[in-house]
Number of protein chains: 2
Amino acid sequence: MSGRVFEEVERERAREISRTAFEERATPLRVALVEAQRALAKADFPVIVLFAGVDGGGKGETVNLLTEWLDPRRIETHAYDRLTEEESQRPEFWRYWRDLPARGRLGLFLSAWYSRPLVDRAYGQIGKGALDRRLARIAAFERTLADDGALILKFWMHLDRKSQQKRLESLQKHPRDHWRISEWDWRNWHRYEEFTDAAEHMIRRTSTAEAPWLVVDGRHARYRSLTVLGMLQRALEARLAGRPPPDAGYRARAPVASPAVIGATVREVKPLTTIDQKRVVGRKVYEKSLARLRGELYWLAAQNLLHGLPVVLVFEGWDAGGKGGAIRRMVSALDARCYRVHQVAAPSDEERAHHYLWRFWRRIPKGGRLTVFDRSWYGRVLVERVESFATKAEWQRAYAEIRDFEEQLTSHGTLLMKFWLHIDKDEQERRFLLRRENPYKAWKLTDEDWRNRAKWEAYEDAANDMIASTSTRDAPWSLVAGNCKRHARLEVLRCLCAALEKRLKQRASE
Amino acid sequence: MSGRVFEEVERERAREISRTAFEERATPLRVALVEAQRALAKADFPVIVLFAGVDGGGKGETVNLLTEWLDPRRIETHAYDRLTEEESQRPEFWRYWRDLPARGRLGLFLSAWYSRPLVDRAYGQIGKGALDRRLARIAAFERTLADDGALILKFWMHLDRKSQQKRLESLQKHPRDHWRISEWDWRNWHRYEEFTDAAEHMIRRTSTAEAPWLVVDGRHARYRSLTVLGMLQRALEARLAGRPPPDAGYRARAPVASPAVIGATVREVKPLTTIDQKRVVGRKVYEKSLARLRGELYWLAAQNLLHGLPVVLVFEGWDAGGKGGAIRRMVSALDARCYRVHQVAAPSDEERAHHYLWRFWRRIPKGGRLTVFDRSWYGRVLVERVESFATKAEWQRAYAEIRDFEEQLTSHGTLLMKFWLHIDKDEQERRFLLRRENPYKAWKLTDEDWRNRAKWEAYEDAANDMIASTSTRDAPWSLVAGNCKRHARLEVLRCLCAALEKRLKQRASE
């Protein structure tokens, strides 16, 4: 590719600004930033600012200045160390999802998700292909957040090779700072070219309209501060006023990364029509099979505690479709320490202030554990679509977001199973009426159930689209005929046992 | 001690209930429980039900039955395994605090905080004294929750030695269940007497009016289920109706544990009057000392990453007292990965639905990390007292609760420092007026600041009481004269460096 990303910055040779000139320009900028932050507090989007760049380029100093200028109660700073045990048992992006700022807040991220790909590439740990796959994952992540409204800015603090050397030497000489420089800093410096090449490629690939990279000359502290904070202020002000983002002076003129296409093709079928409700299981066969399957599950789950496979089970389906009963029959065969059931109800205010996937990311299990979601992230394309809680654009892009999320789970090694518990319309009515008459089940039936029932066809369309759009090779939907409860419960257990056994055998043979 | 806790249950020799009799009694009980749970959803207290007892006594089955009968969206079940890395780096009760149910919800706990003390004692790992200290900690924990309104019930599922043997043998014989029985179960059974002795002592010590133990004959499933669920229903109903708890049939007639006395004696002094505001630091001395201290801190913090000491810093003080400035001068000398600052503002709805200490427990650091609380749990005895957000009983008992909380931090090895940044009334006015005129600091000054200022004397009383009541040997208050900002900032850094250095030396010599 022609045109080095950093050339423009290096050619400019910006000069340091005098202290007086700085003070003159800093005061109105600071006032404007404070104003913008105050307006942000009432706005419905979060701001994500990422700082990466050459060591010594001023990432930390800029973050410090921001927290000094602004109201620190509405800022969070996140820097990342090696993975903790809990983190290493989840997909890579788990820890970043956990730390995302809520709407109205400002999150500052140091290197974060860009750190590993860059270091791994500079040290030749990964090839170009692997780097590109990781960058596609990052682009998808940022697009998901931007689609949800996040304002994302990424600053690359640049130093040319010579300037970095000078910076490291001067820090090392100074008795006050010399311990800040470790052997690692010099080792990285010796790979300056490798780092810069990888960074240029990375910036080109991940600079998008919604999450642009802004390359900044990092040599002069005052110049750098005014540049970065000025860009942030203009971008924030533009967004608050509903204007398009300003064309920042130092933005790398990078091609927009092509969107990563993940997941299955959408078929023009109606999956629900393929479900055969004719199978009926008698009590005796049921009790015997249930006991056998529960025993099998218990044993497999105990094995899995050793093998450390995370298991995620999703249950969706019609009201009164038998989700609760199927889940109970399953988990009561397990040791209470190895599973957790999440009943997905209305989100808390903390959850509501984040991306809709945030609260599910929070709850994914570590290795060896099983998490059951009784209703799930699929609410986005079911109830939220039908009830118009989500806009058409929102629920339509949710298919790709969900495929991407699930792909992260499965490529991390998670066994992900999704069950649709299906009953037909008459069976639902029969169950509703039974519930109404049963003194200890009446609470299960609310006016909302009847209202939902009136929209049966709309839900049916949504379910068909959902299944067609999100059944992937590694995370297929299992459609369970549920008119006969006994059949459905056994079917769920059978599917789970079979999948778990298969995966454990694979593990054992690895 | 005379009178064995389990004798009464063993003597009763309850018989199993027939299936028909069970169904007859279960239906109204289930209806009543469903009703109670629905009322609970709107009530302002959580319910904590703990199940412990002899292996095979039916803990798990009872929990399963409860989640089957009730609305599972408002129940959480918690069982505990060996400590994770994140857990082992915090005080023992961290993981229990994380899992406490919110108001209106039901939390079911399996063994939980009673598990380790019991096992350790039965296997002779700890002596009687150590057991009693751990039981006192548990009693204090449960009292803290009960004081906050939690309804606490603890069921001990009992089996006599013979019955347990039979249960284990029958499980082992059955091809479906035999893997449920491990070598450990038999090893525990061989120590039946040791377990029972320790359990009796434990039940006597921790059965209080607010968190009673209820001993249940665990031999017969139907009998046991009706007993436990009936007790729960009656206790819940009584509480919802504002009545005192029912006198359950199987409650151990245990002496109430004597409250554990922790912390310092309250002195009749006004600590704030001892602060000397005369010290003033000139700019040159300040800049030089600041650079030196920041360098020192950076180095100590880097050392501490290796030594793994958790550090908690609390900042309280008058509005405009200089907390923010002191914190910034300190943390900007640190690597962003090793610290976190929590600006304590209004709690989220999730936090509001828990005990006021819950949100601070969530945020305590792991080993090697430093967490700064800009305002803290002391809000309970400062603003909440002065503004009457907390009742007198609430803020008065908060001193002991806070001492207990901090004692858990320090005895876990946490370096805990508490700074009161003090300015006098005139200095505050001067700063308020300066802020009002400064275009980028005006946001810091709100009407509330002026309102708080009008209550200066009330806050002064509260602060004096707080410092006198919560300055303990391991967690003393540092009173910092703040009229001279430079002096205050250096003082905070000096205190922190000195304490950190001392503790690191201790560690190194261990």
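Residues numbered from 1 in each chain as written. Chains lettered and ligands numbered in written order. Predicted model: local features only at pLDDT ≥ 70, side-chain atom pairs only at ≥ 80, totals over all residues.

J.: Go over the overall build of chain A with me, naming the residues and quoting the values.
T.: When you go through chain A residue by residue, the secondary structure sums to 21 helices and 10 strands. Taken along the three principal axes of its C-alpha coordinates, chain A extends 85 × 50 × 40 Å. Looking at chain A as a whole, 40% of its 510 residues are labelled buried. (Helix = DSSP H or I, 4+ residues; strand = E, 2+ residues; numbered from the N terminus. Buried ≥ 20, exposed ≤ 12 C-beta atoms within 10 Å, placed from the backbone.)

J.: Tell me what's going on with the interface of chain B and chain A, and back it up with residues and numbers.
T.: Chain B puts 43 residues into the contact, and the matching count from chain A is 43 residues. Residues that form the side of chain B that touches chain A fall into these classes: 18 nonpolar, 11 polar and 14 charged. (Contact = placed C-beta atoms within 7 Å. Nonpolar A, V, L, I, M, F, W, Y, C, P; charged D, E, K, R; others polar.)

J.: Kindly report on the relation of the copies chain B and chain A, identifying the contributing residues and their values.
T.: For the pair chain B and chain A, the superposition axis carries a translation of 0.0 Å, the fit reaches an RMSD of 0.1 Å, and the rotation angle comes to 180°. The operation mapping one copy onto its partner corresponds to a two-fold rotation axis. Mapped onto chain A, 100% of the interface residues of chain B are again interface residues, and the two copies thus contact each other with one and the same surface. (Least-squares fit on C-alpha atoms with pLDDT ≥ 70 in both.)

J.: I'd like a description of the confidence of the model for chain A, backed by residues and values.
T.: Residue and element names in this part refer to chain A. Per-chain confidence: chain A averages 89 in pLDDT, with 94% of residues scoring 70 or above. For chain A, the element scoring lowest by mean pLDDT is helix α1 (residues 7–12), at 77; strand β6 (residues 311–317) scores highest, at 98. For residues 248–267, every residue scores under 50 in pLDDT, and the model assigns this stretch 40 contacts once sequence neighbours within four places are set aside. (pLDDT = per-residue confidence, 0-100.)

J.: For the pairing of β6(A), give the residues involved together with the corresponding values.
T.: Residues and elements named next belong to chain A. The buried fraction of β6 is high, at seven of seven residues. Here β6 shows a buried face lined by Val 311, Leu 313, Phe 315 and Gly 317 and a second buried face lined by Val 312, Val 314 and Glu 316. Examined bridge by bridge, β6 and strand β8 (residues 370–374) share five bridges and lie parallel to one another. Pairing of Val 312 across the sheet is with Thr 371, part of β8. Taken together, the seven bridges between β6 and strand β9 (residues 415–422) define a ladder with parallel strand orientation. (Pairing = 2+ DSSP bridges.)

J.: How would you sum up the domain arrangement of chain A? Please name residues and give values.
T.: All names here are of chain A. For chain A, the assigned domains are domain 1 (7–240) and domain 2 (276–509). Each of domain 1 and domain 2 has a C-alpha centre, and these two points are 40 Å apart. Across the contact, 16 residues belong to domain 1 and 17 residues belong to domain 2. Of all the elements in the fold, those that place two or more residues in the side of domain 1 that touches domain 2 are α5 (94–99) and α7 (128–147). (Domains from an automatic or database assignment.)

J.: Pulling in residues and values, what's your account of the environment of B:Arg224?
T.: All names here are of chain B. Counting through the fold element by element, Arg 224 comes out in helix α11 (residues 221–240). When the C-alpha atoms of Arg 224 and Thr 62 are compared, they prove to be 8.2 Å apart, with 162 residues separating the residues in sequence. With residues up to four places along the chain from it excluded, the contact list for Arg 224 reads Gly 58, Thr 62, Val 216, Asp 217 and Gly 218.

J.: Quick rundown of the sheet that holds strand β1 (residues 47–53) of chain B? Include the residues and the values.
T.: Residue and element names in this part refer to chain B. With parallel pairing, five strands are arranged side by side in an open sheet as β2-β3-β1-β4-β5. This sheet does not close on itself; its edge strands, each paired only once, are β2 (75–78) and β5 (213–217). Ignoring strand direction, the axes of neighbouring strands in this sheet form an average angle of 20°. (Axes fitted to C-alpha atoms, helices over the stretch in contact; angles between N-to-C directions.)

J.: So what about the environment of A:Gly56? Which residues, and what values?
T.: All names here are of chain A. Structurally, the position occupied by Gly 56 is in the loop between β1 (47–53) and α3 (59–69). C-alpha separation for the pair Gly 56 and Arg 369, spaced 313 residues apart in sequence, amounts to 42 Å. Discounting chain neighbours no more than four positions away, the residues touching Gly 56 are Leu 159, Gln 164, Arg 167 and Leu 168.

J.: Break down the packing of helix α7 (residues 128–147) of chain B against helix α10 (residues 192–206) of chain B for me, citing the residues and quoting the values.
T.: Residues and elements named next belong to chain B. Between α7 and α10, the least distance of the axes is 10 Å, while the angle of their chain directions is 40°. When the axis of α7 is compared with that of α10, the two are oblique. Crossing of α7 over α10 shows right-handed handedness. Between α7, through Asp 132, Leu 135, Ile 138 and Ala 139, and α10, the contact on the second element is made entirely by Met 202, Arg 205 and Thr 206. Along the lines of polarity and charge, the residues of the contact of α7 with α10 split into four nonpolar, one polar and two charged. (Parallel < 35°, antiparallel > 145°, perpendicular 65-115°, else oblique. Left-handed = near helix turned anticlockwise from the far one by under 90°.)

J.: How would you sum up unusual backbone geometry? Please name residues and give values.
T.: Although it is not a glycine, A:Ala112 sits at a positive phi angle of roughly 45°. Take A:Ala112: it is sitting in the loop between β3 (106–110) and α6 (115–122).

J.: Describe the sheet that holds strand β4 (residues 151–158) of chain A, naming the residues involved and giving the relevant values.
T.: Residues and elements named next belong to chain A. Pairing is parallel across the open sheet formed by five strands, whose spatial order is β2-β3-β1-β4-β5. For this open sheet the edge positions go to β2 (75–78) and β5 (213–217), each flanked by a neighbour on one side alone. Across the sheet, the axes of successive neighbouring strands diverge by a mean angle of 20°, strand direction being ignored. With respect to the sheet, helix α11 (residues 221–240) is in contact with β1, β4 and β5, its orientation differing from that of β4 by roughly 165°.

J.: How would you summarise the environment of B:Ser163 if you had to cite specific residues and measurements?
T.: Residue and element names in this part refer to chain B. Mapped onto the elements, Ser 163 comes out in helix α8 (residues 161–173). For Ser 163, a count of 18 C-beta atoms within 10 Å corresponds to the partly exposed category. Separated by 55 residues in sequence, Ser 163 and Gly 218 have C-alpha atoms that sit 9.2 Å apart.

J.: Just give me the short version of the packing of helix α6 (residues 115–122) of chain B against α10(B), but keep the residues and values in it.
T.: All names here are of chain B. Where α6 meets α10, the axes come as close as 8 Å, and the angle between the chain directions of the two elements is 135°. Taken together, the axes of α6 and α10 are oblique relative to one another. In the packing of α6 onto α10, the handedness of the crossing is right-handed. Residues Pro 117, Leu 118, Arg 121 and Ala 122 of α6 form the contact with α10, whose participating residues are Glu 194, Phe 195, Ala 198, Ala 199 and Met 202. Taken together, the residues of the contact of α6 with α10 break down into seven nonpolar, no polar and two charged.

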